[in-house]
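Okay, here's what each chain looks like letter by letter:
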Amino acid sequence: MLWVKVSGKLTNEEYAELVPSWEQMIAKFGRFRLLFQMEPGFKGWEPMAAWDDCKFSLSHRNEMERVAVVGDKKWHELVAKLGALLVNTEVRYFDDSQIEPAQEWLRE
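In this text, all values refer to a predicted model and were calculated from it rather than measured experimentally. (Residues numbered from 1 in each chain as written. Predicted model: local features only at pLDDT ≥ 70, side-chain atom pairs only at ≥ 80, totals over all residues. Heavy atoms only, no water.)

1. A few points about the packing of helix α1 (residues 12-29) against helix α2 (residues 47-59)
Inference 1: Across the interface, α1 lies against α2 with an axial gap of 9 Å and an inter-helix angle of 15°. By the angle between their directions, the pair α1 and α2 is classed as roughly parallel. Here α1 and α2 pass one another in a crossing that is right-handed. Mapping the contact onto sequence places N12, Y15, V19, W22, E23 and I26 in α1 and M48, A49, D52, D53 and F56 in α2.
Inference 2: A per-class count over the contact of α1 with α2 returns seven nonpolar, one polar and three charged. (Axes fitted to C-alpha atoms, helices over the stretch in contact; angles between N-to-C directions. Helix = DSSP H or I, 4+ residues; strand = E, 2+ residues; numbered from the N terminus. Parallel < 35°, antiparallel > 145°, perpendicular 65-115°, else oblique. Left-handed = near helix turned anticlockwise from the far one by under 90°. Contact = heavy atoms within 4.5 Å. Nonpolar A, V, L, I, M, F, W, Y, C, P; charged D, E, K, R; others polar.)

In structure tokens:
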């Protein structure tokens, strides 16, 4: 399971630093589960980071086993719903107070 915590605004450079660990997980295990935690104050992605995230999700949509999106804003829930359209797996949104249930769901 990969656990990614983001805060502030996710830049293209920061996103580019995340991708190699995801690709290593895919190379080693074939598939992975992702916990994407948007911490309070997360303001979203820079445009290029959002574009790169979409490209990664589409190109690896079959390698993602489950995705749990954790946040505290209504638009964070919308991110989970939009992300579900890009991947061939179940994506669930959890409120930030439900981090433990999100982890449990990913471990099932």
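2. Describing the sheet that holds strand β6 (residues 90-95)
Inference 1: Read across the sheet, four strands follow the order β1-β3-β5-β6 without closing on themselves; strand pairing throughout is parallel. Two strands close off the open sheet at either side, each with one partner strand: β1 (2-6) and β6. Neighbouring strand axes in the sheet, compared pairwise and without regard to direction, differ in orientation by 15° on average.
Inference 2: Here strand β3 (residues 32-38) pairs with strand β5 (residues 64-71) via six bridges, running parallel. Note that in β5 the partner of L34 across the bridge is V67.
Inference 3: Sheet strands in contact with α1 are β1 and β3, and its direction is about 165° off that of β1. (Pairing = 2+ DSSP bridges.)

3. Details of the confidence of the model for the protein chain
Inference 1: The predicted model of the protein chain has a mean per-residue pLDDT of 91, with 100% of residues at 70 or higher.
Inference 2: Within the protein chain, helix α4 (residues 99-107) carries the highest mean pLDDT (97), whereas helix α3 (residues 74-84) carries the lowest (86). (pLDDT = per-residue confidence, 0-100.)

4. So, the side chain of T89
Inference 1: Its location among the elements puts T89 in the loop between α3 and β6.
Inference 2: Residue T89 is classed as buried on the basis of its relative accessible area, which comes to 16%.
Inference 3: Only 2.2 Å separates the side chain of T89 from the backbone oxygen of E65, close enough to count as a polar contact. (Buried < 20%, exposed > 50% of the residue type's maximum accessible area, 1.4 Å probe, protein only. Polar contact = N/O pair within 3.5 Å; in protein donor to acceptor, adjacent residues only side chain to side chain.)

5. As for a nonpolar patch on the surface
Inference 1: A contiguous nonpolar patch, built from W75, L78, L82 and L85 and spanning about 420 Å² of accessible area, is present on the exposed surface.
Inference 2: Relative to the helices and strands, L82 is located in helix α3.
Inference 3: The class for L82 is partly exposed, based on a relative accessible area of 48%. (Patch = residues over 30% accessible without salt bridge, like charges linked within 9 Å, V, L, I, M, F, W, Y side chains within 5 Å. Areas by Shrake-Rupley, 256 points an atom, 1.4 Å probe, with all protein chains shown as cover. Salt bridge = Lys/Arg side-chain N within 4 Å of Asp/Glu carboxyl O.)

6. Some words on the pattern of salt bridges
Inference 1: Inspection of the entire model under this criterion finds seven salt bridges.
Inference 2: Note that E77 and K74 form a salt bridge whose closest N and O atoms lie 3.3 Å from each other. Taken together, the positions of E77 and K74, both in helix α3 and three residues apart, correspond to about one turn of that helix.
Inference 3: The exposure class of K74 is exposed, given its relative accessible area of 66%.
Inference 4: Residues E90 and R92 are paired through a salt bridge, measuring 2.9 Å at the closest nitrogen-oxygen approach.

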